[in-house]
Amino acid sequence: AAPEPTLRLVPSIALPDAEPSPQLEEAGPWAVGMVAGGTGIAPIWQLLTAMRLHPACFGGAGCSARLVYSNTRREDILLRAELAGLAQAAEGQGALDFKCLHTLTGAGVQPEGWDETSGRINQAMLLSALPRPSPRTVVVVCGPAGMNEAAMRILRGCGYAEHMLVELEA
């Protein structure tokens, strides 16, 4: 069996710096938003794997994950097949509820066949893709320093409280 995750996220129903309480487990599944840039997908992938293998650590069955993943070019997207497979598996009953939005930031025209978003992460993109702020929402950001700073600023502007946000270094 896979070891339980070591990163402890606490949804906002717990006070910042407070120990999780038994009521936390009874409150229901979490909605986890994720914003990744480039190689920042590595810790996000670990978190997604933990959510899939240990749903009880995230409020039980029914927990959901929404990812906005930014790269310069389509060729730069790491774990693309794995993310697509996880999203496809999410359509099955009992699987982690997962959706991913890719955005490309490279200058120029979108690559042929690209049917997702282009441009830097912005408020409209995050509001459309991530779970809304709620007592059961946590958002994890991991990417280059400039992207992290911009994403955190935008998320605060979208109504996410400081204790709902987790910033990891890529």
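Residues numbered from 1 in each chain as written. Predicted model: local features only at pLDDT ≥ 70, side-chain atom pairs only at ≥ 80, totals over all residues. Heavy atoms only, no water.

In this section: the confidence of the model for the protein. Looking at the protein, pLDDT values average 85 and 81% of them are 70 or higher. For the stretch residues 12-26, pLDDT sits under 50, and the model shows 17 contacts to residues farther than four places along the chain or on other chains. (pLDDT = per-residue confidence, 0-100. Contact = heavy atoms within 4.5 Å.)

The final tally for this structure, using the stated rule, is three salt bridges. For D97, the salt bridge goes to R66, with nearest N and O atoms at 3.1 Å. In this pair, D97 is assigned in strand β3 (residues 97-104) and R66 in strand β2 (residues 64-71), connecting sequence segments 31 residues apart. On the basis of relative accessibility, which here comes to 31%, the residue D97 falls in the partly exposed class. Note on R66: relative accessible area 16%, which makes it buried. Note that E162 is salt-bridged to R156, the shortest N-O span being 2.7 Å. Relative accessible area serves as the criterion here: at 47%, E162 is assigned to the partly exposed category. Overall, the relative accessible area of 38% leaves R156 in the partly exposed class. (Salt bridge = Lys/Arg side-chain N within 4 Å of Asp/Glu carboxyl O. Helix = DSSP H or I, 4+ residues; strand = E, 2+ residues; numbered from the N terminus. Buried < 20%, exposed > 50% of the residue type's maximum accessible area, 1.4 Å probe, protein only.)

Two residues of an α-helix separated by three or four positions point the same way, owing to the 3.6 residues in each turn. For helix α5 (residues 145-157), which comprises 13 residues, the first-to-last C-alpha distance of 18 Å matches the rise-based estimate of 18 Å (1.5 Å per residue) to within 8%. Within α5, burial applies to M147, N148, A151, M152, I154 and L155. Looking straight down α5, one finds its buried side chains confined to an arc of 165 degrees; they lie on one side. Away from the buried face of α5 by more than 90 degrees, exposed residues A145, E149, R153 and G157 are located. Buried residues along α5 sit against β1 (31-37), α4 (123-129), β5 (137-143) and β6 (165-169). One or two residues past the end of α5 sits G159, with phi positive at roughly 100 degrees. (Expected span 1.5 Å × (residues − 1). Arc of directions from axis to C-beta.)

Taken residue by residue, a regular strand's side chains alternate between the two faces of the sheet. Taken across its seven residues, β5 has seven buried, putting it largely inside the fold. Of the two faces of β5, both are covered, the one formed by T137, V139, V141 and G143 as well as the one formed by V138, V140 and C142. The sheet contact formed by β1 and β5 spans six bridges and is parallel. From the neighbouring strand, V35 faces β5, where its bridge partner is V141. Taken together, the five bridges between β5 and β6 define a ladder with parallel strand orientation. Residue G143 lies in a different strand from β6, and its bridge partner there is E169. Assessed by its sense of winding, the connection that carries the chain from β5 through α5 to β6 is right-handed. (Pairing = 2+ DSSP bridges. Right-handed = clockwise from strand over helix to strand, strands pointing away.)

The next point concerns the sheet that holds β3. One open sheet holds the six strands; their spatial order is β4-β3-β2-β1-β5-β6, and the pairing between them is parallel. Among the strands making up the open sheet, the edge pair consists of β4 (117-118) and β6. Looking at chain direction, β1 and β2 are connected through seven bridges and run parallel. Across the sheet, residue M34 finds its bridge partner in β2, namely L67. The strands touched by helix α2 (residues 41-53) are β1, β2, β3, β5 and β6; relative to β1, the strand with the most contacts, the crossing angle is about 155 degrees. (Axes fitted to C-alpha atoms, helices over the stretch in contact; angles between N-to-C directions.)

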